[in-house]
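Examination of the molecular architecture
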Amino acid sequence: MLRDCRDAIWFEDYHVGDAFESATVTFTEPDIIDFGKRYDPQPFHIDPDVAKASPFAGLIASGTQILPLVWGAIMAPGFLNGRALGAPGIALEFKRPVRPGDTLIAISCVLETRPSATRRDRGHVRFISEATNQSGDLVVTLSHNQIIQRRPKSPD
């Protein structure tokens, strides 16, 4: 079932097979260049002319510019752990460049849920997220685990 990430707050709200859709994001040349200058100043992110001669054959968005879209498909207030790349359980793969004019959308699917064996106030949810462009081409995949708060018990 395709859901809005705002519908899932607590661990109990996530079920294997659930899918969460992000908003769409269109990457413009000025946005890519501005982001690149501030956070990832490599020629293929900030200079269209130099980028043409790069292995990417043109200007492309930075990976760190794309990731918020992917995580945005499942961001929720109950998430307890950070999203540090390189952390155990995170696998990220860029499949094709994101160029000016590309519009991306991400879908994040729940692969597994399990209550924490040691902390009763939380559970673990494993996701696979994929972002595609306006042509349906897969541009990035992200496999990750999240620690999510359990629903508080109501007072009796």
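In what follows, the accompanying structure is described.

For Ala-57, which is not a glycine, the phi torsion comes out positive at approximately 55°. Relative to the elements of secondary structure, Ala-57 occurs in the loop between helix 3 (48-52) and helix 4 (63-72).

Phe-27, Ile-66, Val-98, Leu-104 and Ala-131 are the most contacted members of the largest nonpolar core, which totals 18 residues. In this structure, Ile-66 is in contact with Phe-27, Ala-61, Phe-94, Val-98, Leu-104 and Val-140, ignoring residues within four places of it in sequence. Counting nine residues, the second largest nonpolar core, distinct from the first, contains Ala-8, Val-110, Val-125 and Ile-148.

It is worth spelling out the side chain of Asp-102 at this point. With respect to the helices and strands, the residue Asp-102 is situated in the loop between strand 4 (91-94) and strand 5 (103-115). Of the side chains with opposite charge, Arg-99 lies nearest to the buried Asp-102, which makes no salt bridge, at 6.3 Å. A polar contact is formed between the side chain of Asp-102 and the side chain of Gln-134, at a distance of 3.1 Å. Excluding residues that lie within four positions of it along the chain, Asp-102 makes contacts with Val-25, Thr-26, Phe-27, Pro-97 and Gln-134.

A word on the packing of aromatic side chains. The relation between two aromatic rings is expressed through the spacing of the ring centres and the mutual angle of the planes. Considering all chains together, one arrives at four aromatic pairs under this definition. Pairing Tyr-14 with Phe-20 gives two aromatic rings, centres 5.5 Å apart and planes at 50°, and the pair type is tilted. The exposure class of Tyr-14 is buried, given its relative accessible area of 3%. On the basis of an interplanar angle of 90° and a centroid distance of 5.8 Å, the ring pair of Tyr-14 and Phe-127 is categorised as edge-to-face. Within this pair, whereas Tyr-14 is found in the loop between strand 1 (2-3) and strand 2 (19-21), its partner Phe-127 is found in strand 6 (residues 122-132), the two being separated by 113 residues in sequence. One exposure class covers both Tyr-14 and Phe-127, and it is buried. Each member of the aromatic cluster is reached from another via a ring pair, and the members are Tyr-14, Phe-20 and Phe-127.

Calculation criteria
Residues numbered from 1 in each chain as written. Predicted model: local features only at pLDDT ≥ 70, side-chain atom pairs only at ≥ 80, totals over all residues. Heavy atoms only, no water. Helix = DSSP H or I, 4+ residues; strand = E, 2+ residues; numbered from the N terminus. Core = buried A, V, L, I, M, F, W, Y, C linked by side-chain atoms within 4.5 Å. Buried < 20%, exposed > 50% of the residue type's maximum accessible area, 1.4 Å probe, protein only. Contact = heavy atoms within 4.5 Å. Lys, Arg positive; Asp, Glu negative; His and termini not counted. Salt bridge = Lys/Arg side-chain N within 4 Å of Asp/Glu carboxyl O. Polar contact = N/O pair within 3.5 Å; in protein donor to acceptor, adjacent residues only side chain to side chain. Phe/Tyr/Trp six-rings, centres within 6.5 Å; stacked < 30°, edge-to-face > 60°.

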